[in-house]
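Survey of secondary and tertiary structure
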Amino acid sequence: MNDFVIDAPASVSLPIVGSNARFPVRRIYCVGRNYADHAVEMGIDPRSEPPFFFLKPADAVLQPGESFPYPPGSQNVHHEVELVVALGQGGKDIPFAAALDHVFGYTVGLDMTRRDLQLAARAKGRPWDVGKAFDHSAPLAALVPAAICGHPNQGRIWLDVNGARRQSADLRDLIWPVAEVIGLLSQLFELRPGDIIMTGTPAGVGPVVPGDSVEAGIDGVATLSLVIGGRDGDH
Ligand code: MN
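A brief report on the enclosed structure follows.

1. Looking at the sheet that holds strand β10 (residues 113-114)
Sheet strands pair via backbone hydrogen bonds, and the direction of the pair is either parallel or antiparallel. Taken together, three strands build an open sheet; the order of strands is β10-β7-β16 and the sheet is antiparallel. Both outer strands of the open sheet, β10 and β16 (206-207), are each paired with one neighbouring strand and no more. Note: strand β7 (residues 77-79) against β16, two bridges, orientation antiparallel. Counted as the bridge partner of H78 is P207 from β16.

Spelled out as structure tokens, the structure:
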């Protein structure tokens, strides 16, 4: 057994529907924009360029059932509901036709975003990390093995805040479907088992505030309930 000079960081994992075992999380890759209507609302021509990627740290995962602490440094924190893919196998230059064979399962997740900080960074050509990769910025539901839910390529993806629908689209609206996302990402990074991919959000992103109740889901896959907690220093 190795000794470390400080306590080793805890490993990050997710529960799995129908199993007592957990899924170890290695990296969280995210697709920048993958639904035409959201690209348009962000002022971008959706077909003008290939998909782009960014990352969140693995320990940005917020476990199912935990409340979301409203993060510091922002007055405009947005929800983005996304189909989440968990890889059971890795690889480089994975052919599109073989890509789904690398998937362990799926779930629904939120790419929580400090929109004010993200847009300020975008305007200055700076990295997005402070807008996207903050603590607890990846609330996820339990993973559903593909053996249970199949490989979803259609079905409603939706998000409600306090019972009002904010986001609603169909997985058929993905510009780059899951197999292409895996294939393109594997041309840039060697993917590994335990990697998670958040595949982008449809239109309707918007702010949450402390006390909000968020419900999100992907029909036939999973649902997620999230309470927005107080800002740091609130009691
Ligand atoms: Mn996103």
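2. Things to note about the pattern of salt bridges
Side chains bearing opposite charge may pair, as long as their charged atoms lie close to each other. Under the definition given, this model contains eight salt bridges. With its nearest N and O atoms 2.6 Å apart, the salt bridge here joins D160 to R165. With its nearest N and O atoms 3.1 Å apart, the salt bridge here joins D170 to R172. In this structure D170 comes out as buried when scored by relative accessible area, which is 8%.

3. As for helix α6 (residues 178-185)
By the criterion of burial, α6 is predominantly enclosed, with six of the eight residues buried. Within α6, the full set of buried residues consists of V178, A179, V181, I182, G183 and L185. Those residues of α6 hidden inside the fold are in contact with β3 (28-31), β4 (53-56), β8 (81-87), α2 (96-99), β9 (103-110) and β15 (196-198).

About the thresholds
- Residues numbered from 1 in each chain as written.
- Predicted model: local features only at pLDDT ≥ 70, side-chain atom pairs only at ≥ 80, totals over all residues.
- Heavy atoms only, no water.
- Pairing = 2+ DSSP bridges.
- Helix = DSSP H or I, 4+ residues; strand = E, 2+ residues; numbered from the N terminus.
- Salt bridge = Lys/Arg side-chain N within 4 Å of Asp/Glu carboxyl O.
- Buried < 20%, exposed > 50% of the residue type's maximum accessible area, 1.4 Å probe, protein only.
- Contact = heavy atoms within 4.5 Å.

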